[in-house]
Amino acid sequence: MMKKLKRYLMLYHVFFKNSLAGSMEYRANFLMAILVECAFLLIKLLYVIVSYQMDLRVNGLTPDSILLFVGTYTFITGIMSLIYFPNFLKIPYYVQDGTLDIYLTKPVSLQFMISFRYIDFGWAIPNIFGGIAMIAIAFVKLDLQLRIGQILGFILYNFLGIVLTYSLLFLPELLAFWFTKTQWIRQIVYALWDFNNMPMHIYGRPLRNIGVYIIPFFVITNFPPLMILGKLNILDIAWGIFIPNFLLIVTRVVWKIAVRKYESASS
């Protein structure tokens, strides 16, 4: 198992270097992507600025707490843009034009190749560093008496949020194995993703329950801040651990079914 893991880490290192070299080859596009994403980042910061100006409080959450939520959302958005988005966007085209045939011949996991072949640095860099900066500022302003358990919990739920993001974004793209057009489901998924740009407490309880227990997008960027603030109950703590692992298994099962459904473009 360790030998296999080392092999895939080395392969991902190659993907990383190739993607970075590709980004540097077209530096104007790379810089433009960073500038555009910086503009979107400033728009996200407007939510925080308004909350400070109005001293907005949402179900006991202060503006400093809201900054922590927005920072977590921004950071995980950066990870999503770095790893998932440039790969998942290509899945329907792999199926339609037969590119998947080439990947099927590679002596590595097909799902790994499809999921992690490309890395987009331009869109990700502003969000990752901007998110980390907002989280750090929120920690200082909140002046929390943090215990090691809370810090580890915050890191754990960020990691689980990244895992959950993989499943929630990957599963809809697998519809390409059954349907020709899948843009509509992608648009819905990314619209749901944007519900995370503010704490889920601004929504009513029915919508919160849907976003946590049925289509668990709120788990991704709300649970890490809630963990650090000590606002997660035992049920939610368990749910936040269970649902990413469960959906990862579901994703693997659906992927195997989808690949069996695939008909080679050359046959």
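Residues numbered from 1 in each chain as written. Predicted model: local features only at pLDDT ≥ 70, side-chain atom pairs only at ≥ 80, totals over all residues. Heavy atoms only, no water.

A. Focus on the overall build of the chain. A tally of regular secondary structure across the chain gives 12 helices and 0 strands. When the elements of the chain are put in sequence order from the N terminus, they spell out α-α-α-α-α-α-α-α-α-α-α-α. Here the C-alpha atoms of the chain give a radius of gyration of 20 Å, agreeing with the 18 Å that 2.2 N^0.38 yields for 267 residues. Taken over the C-alpha atoms alone, the chain extends approximately 65 × 45 × 40 Å along its principal axes. Relative to its 267 residues, the chain shows a buried fraction of 48%. (Helix = DSSP H or I, 4+ residues; strand = E, 2+ residues; numbered from the N terminus. Rg over C-alpha atoms; globule rule 2.2 N^0.38 Å. Buried < 20%, exposed > 50% of the residue type's maximum accessible area, 1.4 Å probe, protein only.)

B. Up close: the side chain of asparagine 158. As for its placement among the helices and strands, asparagine 158 is situated in helix 8 (residues 148–173). Of the residues examined, asparagine 158 reaches a relative accessible area of 7% and is grouped as buried. Here phenylalanine 154 takes part through its backbone oxygen, which lies 2.9 Å from a polar atom of the side chain of asparagine 158. The residues touching asparagine 158, leaving out its near neighbours within four places in the chain, are Thr72, Phe75, Ile76 and Pro224. (Polar contact = N/O pair within 3.5 Å; in protein donor to acceptor, adjacent residues only side chain to side chain. Contact = heavy atoms within 4.5 Å.)

C. Representation of the confidence of the model for the chain within the structure. Here the chain averages 89 in pLDDT, and 99% of its residues register 70 or above. Least confident of the elements in the chain is helix 2 (residues 27–53), whose mean pLDDT is 84; most confident is helix 12 (residues 234–261), at 95. (pLDDT = per-residue confidence, 0-100.)

D. Up close: the packing of helix 3 (residues 63–88) against helix 11 (residues 218–228). Running from N to C, helix 3 and helix 11 point in directions that differ by 135 degrees, and their axes come no closer than 9 Å. Taken as axis vectors, helix 3 and helix 11 run oblique relative to one another. As helix 3 runs across helix 11, the sense of the crossing is right-handed. Contacts from Leu68, Phe69, Thr72, Tyr73 and Ile76 in helix 3 reach Ile220, Thr221, Asn222, Pro224, Pro225, Leu226 and Ile228 in helix 11. Per-class residue counts for the contact of helix 3 with helix 11 are 9 nonpolar, 3 polar and no charged. (Axes fitted to C-alpha atoms, helices over the stretch in contact; angles between N-to-C directions. Parallel < 35°, antiparallel > 145°, perpendicular 65-115°, else oblique. Left-handed = near helix turned anticlockwise from the far one by under 90°. Nonpolar A, V, L, I, M, F, W, Y, C, P; charged D, E, K, R; others polar.)

E. Looking closely at the side chain of asparagine 87. Inspection of the secondary structure puts asparagine 87 in helix 3. Here asparagine 87 falls in the buried class, since its relative accessible area comes to 0%. With residues near it in sequence (within four places) discarded, asparagine 87 still touches Ile114, Ser115, Phe116, Arg117 and Tyr118.

F. Summary view of the nonpolar core. Core analysis: the largest hydrophobic core is formed by 75 residues, its most contacted members being Leu68, Ile114, Phe170 and Phe177. No other element matches helix 3, which puts 14 residues into this core. (Core = buried A, V, L, I, M, F, W, Y, C linked by side-chain atoms within 4.5 Å.)

G. A look at helix 1 (residues 2–25). For helix 1, spanning 24 residues, the distance from its first C-alpha to its last is 35 Å, which sits close to the expected 34 Å at 1.5 Å a residue. Taken together, the buried positions of helix 1 are occupied by Tyr8, Phe15, Ser19 and Ser23. Looking at the packing, one finds that the buried side of helix 1 touches helix 2, helix 6 (110–116) and helix 7 (121–142). (Expected span 1.5 Å × (residues − 1).)

H. Molecular detail of the pattern of salt bridges. Applying the stated rule across the entire model yields 1 salt bridge. A salt bridge links arginine 186 to glutamate 173; its shortest N-O distance comes to 2.8 Å. Here glutamate 173 lies in helix 8 and arginine 186 lies in helix 9 (residues 183–193), a separation of 13 residues in the sequence. Considered together, arginine 186 and glutamate 173 belong to a single accessibility category, that of buried residues. (Salt bridge = Lys/Arg side-chain N within 4 Å of Asp/Glu carboxyl O.)

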